[in-house]
Amino acid sequence: MRTAALPTFRKLYGKIEVDIQAGETITVVLENNYNTYSFSGKKKLVLSTTSWLGGKNNFIGIAYLAVGGLCFILATTFTLIYLVKPRHLGDPTYLSWNRNPGGH
């Protein structure tokens, strides 16, 4: 069991492998095997649904789409710049110590 990175976290205890119908009663027996009273901690039971896409948190999906979109825009921009003004491989003209700074 690793320490959580943030103060509020969820840890998976188990999975319900059978389909549950609406209105069906679920009985859960809780035991206090780890005392959280010393640091004012709380324990809660959360029943959640997940699919092969993950849970209800949309942040990681939005973050992946945003970073992917940014990478696509940058790749397209750099490709267009290269097609408009190509630069030969190993071209030393952009190196500052090879330029003539004063125009002499």
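Residues numbered from 1 in each chain as written. Predicted model: local features only at pLDDT ≥ 70, side-chain atom pairs only at ≥ 80, totals over all residues. Heavy atoms only, no water.

Per an unreviewed UniProt entry, the recorded name for the protein chain is ALA-interacting subunit, and the organism is Lactuca virosa. As recorded by UniProt, the Subcellular location (unreviewed entry) comment attached to the protein chain reads in full: "Membrane". Its UniProt record, at the heading Sequence similarities (unreviewed entry), says of the protein chain: "Belongs to the CDC50/LEM3 family." (UniProt positions renumbered as here; feature names shortened; annotations may be inferred.)

Once that is clear, we can look at the layout of surface pockets. Each pocket or cavity is described by its volume, and for the largest pocket that value is around 2600 Å³. Together, 43 residues line the largest pocket, and Lys11, Leu12, Tyr13, Lys44 and Val46 are the ones closest to its centre. (1 Å grid on protein atoms, 1.4 Å probe; cavity = no way out; pocket = protein on both sides within 12 Å on 5 of 7 lines; lining within 4 Å. Points joined across faces, edges and corners; volume = space filled by probe spheres on them.)

Further remarks concern the environment of Val46. Inspection of the secondary structure assignment puts Val46 in the segment before helix H1 (59–84). For Val46 and Tyr13, which are 33 residues apart along the polypeptide, the C-alpha to C-alpha distance reads 10.0 Å. (Helix = DSSP H or I, 4+ residues; strand = E, 2+ residues; numbered from the N terminus.)

As a further point, take a nonpolar patch on the surface. A surface patch of nonpolar side chains, amounting to about 770 Å² of accessible area, comprises Ile16, Val18, Ile20, Ile26, Val28, Leu30, Leu45 and Leu47. Note that Val28 resides in the segment before H1. For Val28, a relative accessible area of 40% gives the class partly exposed. (Patch = residues over 30% accessible without salt bridge, like charges linked within 9 Å, V, L, I, M, F, W, Y side chains within 5 Å. Areas by Shrake-Rupley, 256 points an atom, 1.4 Å probe, with all protein chains shown as cover. Salt bridge = Lys/Arg side-chain N within 4 Å of Asp/Glu carboxyl O. Buried < 20%, exposed > 50% of the residue type's maximum accessible area, 1.4 Å probe, protein only.)

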